[in-house]
Amino acid sequence: MDQSIETMSAIPARMCEAWNRGDAAGFYADFAADAELVEFEGTIQKGRDTLVAFQQPAFDTMLKGSSLVDSDVPFARVVAPGAGVVHHRFGVLMPGAPAPARLMQLLAVVWQNSRWEVATLQNARVVPLAALPALESIT
């Protein structure tokens with residue numbers, strides 16, 4: 001592999017392919033062994049093995065048959081030698097749902113072990129500004 005922006009930008013596509021197979025190990029294959037994941041509500045999980053162990057049961061139950069759709073990388077860039085960021089937007093389509101929920105991720109990637117590895121990923125929902133008052137009322 002090389003340290004190009006194109007190479008780091010390809011990580012989300014591999015993650016989507018693995019999600020659509022229900023494959024947690026594949027989903028986290030590009031993550032560093034000590035990677036961190038920040039969930040939507042702020043929970044932080046640490047370690048690729050922990051992430052896989054948490055995700056696979058979800059793929060086998062509540063996420064079974066779900067798919068990631070409309071994947072797009074609006075930007076990726078090297079911010080320092082051996083360090084980069086990737087912004088990923090996509091939809092999660094649950095079985096029987098009329099439309100996907102829109103999400104985004106910010107991946108901090110590092111060049112190590114002769115490849116780009118995800119050091120940290122933060123998940124977030126894409127929420128229209130018009131929906132913010134409703135969200136504020138429930139927090």
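Here we summarise the structure given alongside this text. (Residues numbered from 1 in each chain as written. Predicted model: local features only at pLDDT ≥ 70, side-chain atom pairs only at ≥ 80, totals over all residues. Heavy atoms only, no water.)

**Side note on the layout of surface pockets**
Size it by volume and the largest pocket reaches roughly 340 Å³. Lining the largest pocket are 22 residues, and of these W19, E39, F40, Q55 and N123 sit closest to its centre. For the lining of the largest pocket, the secondary-structure elements that each account for two or more residues are α4 (48-60), β4 (83-93), β5 (101-112) and β6 (115-125). Split by residue class, the lining of the largest pocket holds 15 nonpolar, 5 polar and 2 charged. (1 Å grid on protein atoms, 1.4 Å probe; cavity = no way out; pocket = protein on both sides within 12 Å on 5 of 7 lines; lining within 4 Å. Points joined across faces, edges and corners; volume = space filled by probe spheres on them. Helix = DSSP H or I, 4+ residues; strand = E, 2+ residues; numbered from the N terminus. Nonpolar A, V, L, I, M, F, W, Y, C, P; charged D, E, K, R; others polar.)

**Details of the pairing of β5**
Sheet topology places β4 next to β5; 10 bridges connect them, and they run antiparallel. Each residue of the ladder has a partner; that of F90, found in β5, is L103. Sheet topology places β5 next to β6; 10 bridges connect them, and they run antiparallel. When the sheet's bridge partners are listed, L106 is paired in β6 with Q122. What sits between β5 and β6 in their antiparallel hairpin is a turn of 2 residues, with N113 showing a positive phi close to 55°. (Pairing = 2+ DSSP bridges.)

**A few points about helix α2 (residues 11-21)**
Within α2, burial applies to I11, P12, M15, C16, A18 and W19. The buried side chains of α2 occupy one side of the element, clustering within an arc of 165° when seen end-on. The first or second residue beyond α2 is G22, which carries a positive phi of 70°. (Buried < 20%, exposed > 50% of the residue type's maximum accessible area, 1.4 Å probe, protein only. Arc of directions from axis to C-beta.)

**A word on the sheet that holds β6**
Taken in spatial order, the 6 strands line up as β2-β1-β6-β5-β4-β3 in an open sheet, and their pairing is mixed. Every interior strand has two partners, whereas the edge strands, β2 (44-46) and β3 (67-80), have only one. Strand-to-strand twist in this sheet, taken as the mean axis angle between neighbours without regard to direction, amounts to 15°. As paired elements, strand β1 (residues 31-38) and β6 share 4 bridges and run parallel to each other. Note that in β6 the partner of E36 across the bridge is T120. α2 rests against β1, β3, β4, β5 and β6 of the sheet, and its axis sits at about 155° to β3. Taken strand by strand, α4 contacts β1, β2 and β6, and its axis lies near 55° from that of β1. (Axes fitted to C-alpha atoms, helices over the stretch in contact; angles between N-to-C directions. Contact = heavy atoms within 4.5 Å.)

No statement about biological role is implied by the geometric values presented.
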